[in-house]
Structures are given as structure tokens and as C-alpha cells.
Amino acid sequence: MTENEQIKHDLLLNIKRLEGILERIDKFCHNYDQEKTEASVTVLKIKSAMENLRDVIPEMSKDAEAIDQEKD
């Protein structure tokens, strides 16, 4: 696999991670709406998911910059 293909592969994996994180946030909100969990627990879970987003997004930005540099 070339470096460019690896970067694209990494980006796709990170997109899948983002989709999974967003699904978990939706689930936390749905469960809270259904009164299955307490608000404090839901907030903690959402904060944890947001931390995961903060980890993934910079990785994606670096990968996108690497692709741009290869094209130039």
C-alpha cells in the first residue's frame, strides 16, 4: 500500500470512529429522553465521547494535510 493509500485508509477509519461516537451520543440522549439514565451519568458519557472526538479530529486534519502535500 502506498503512503497516500494508507493515509486515505486512516481517514476512512477515523470517519468510522466519528460515526460510532456520534451514534453513542445519540443513544445517550435517547436513553435520557426515555428516563433510563440520570442526567449526571448522561452528561459524563457525552463528555467522554466529546474527548474521543477531540482525539480523532486532529488526526484527520494531519492526514488531510499529508494528502495535500503529496499532490503538490
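Here goes a summary of the coordinates provided. (Residues numbered from 1 in each chain as written. Predicted model: local features only at pLDDT ≥ 70, side-chain atom pairs only at ≥ 80, totals over all residues. Heavy atoms only, no water.)

### Focus on the overall build of the protein chain
- A tally of regular secondary structure across the protein chain gives two helices and zero strands.
- In terms of overall dimensions, the protein chain is more spread out than a globule: its C-alpha atoms have a radius of gyration of 16 Å, far above the 11 Å expected for 72 residues.
- Here the protein chain holds 72 residues, and the buried ones make up 22% of them.
- Excluding contacts between residues fewer than 6 apart, the proportion of contacts in the protein chain whose partners are at least 24 apart in sequence is 76%.
- With the model as given, the accessible surface of the protein chain reaches about 5600 Å², and the carbon-plus-sulfur share is 53%. (Helix = DSSP H or I, 4+ residues; strand = E, 2+ residues; numbered from the N terminus. Rg over C-alpha atoms; globule rule 2.2 N^0.38 Å. Buried < 20%, exposed > 50% of the residue type's maximum accessible area, 1.4 Å probe, protein only. Contact = heavy atoms within 4.5 Å. Areas by Shrake-Rupley, 256 points an atom, 1.4 Å probe, with all protein chains shown as cover.)

### Topic: the side chain of Asn31
- Mapping Asn31 onto the fold places it in helix H1 (residues 3-33).
- When near neighbours in sequence (up to four residues on either side) are disregarded, Asn31 contacts Lys36 and Thr37.

### Some thoughts on the nonpolar core
- Core analysis: the biggest nonpolar cluster contains twelve residues, these being Ile7, Leu11, Leu18, Ile21, Ile25, Phe28, Ile46, Ala49, Leu53, Val56, Met60 and Ile67.
- Those elements giving two or more residues to this core turn out to be H1 and helix H2 (39-71).
- With residues up to four places along the chain from it excluded, the contact list for Ile21 reads Ala49, Asn52, Leu53 and Val56. (Core = buried A, V, L, I, M, F, W, Y, C linked by side-chain atoms within 4.5 Å.)

### Looking at the side chain of Asn14
- Within the secondary structure, Asn14 sits in helix H1.
- Apart from the residues within four sequence positions on either side, Asn14 is in contact with Val56, Glu59, Met60 and Asp63.

### A short note on H1
- Helix length check: H1 (31 residues) gives 45 Å between terminal C-alpha atoms against 45 Å at 1.5 Å per residue, within 8%.
- Residues of H1 that are buried include every one of Ile7, Leu11, Asn14, Leu18, Ile21, Ile25, Phe28 and Asn31, and no others.
- Looking one or two residues beyond H1, the residue adopting positive phi is Glu35, at roughly 60°. (Expected span 1.5 Å × (residues − 1).)

### Some details on the pattern of salt bridges
- Summed over all chains, the structure comprises three salt bridges.
- For Lys16, the salt bridge identified is with Glu19, shortest N-O distance 4.0 Å. Of this pair, Lys16 and Glu19 both sit in helix H1, separated by three residues, roughly a single helical turn.
- When its relative accessible area of 56% is taken as the criterion, Lys16 is described as exposed. (Salt bridge = Lys/Arg side-chain N within 4 Å of Asp/Glu carboxyl O.)

### Digging into the environment of Ala49
- With respect to the helices and strands, Ala49 occurs in helix H2.
- Taking the C-alpha atoms as reference, Ala49 lies 19 Å from Ser61; in sequence the two are twelve residues apart.
- Setting aside chain neighbours within four positions, we find Ala49 in contact with Ile21 and Ile25.

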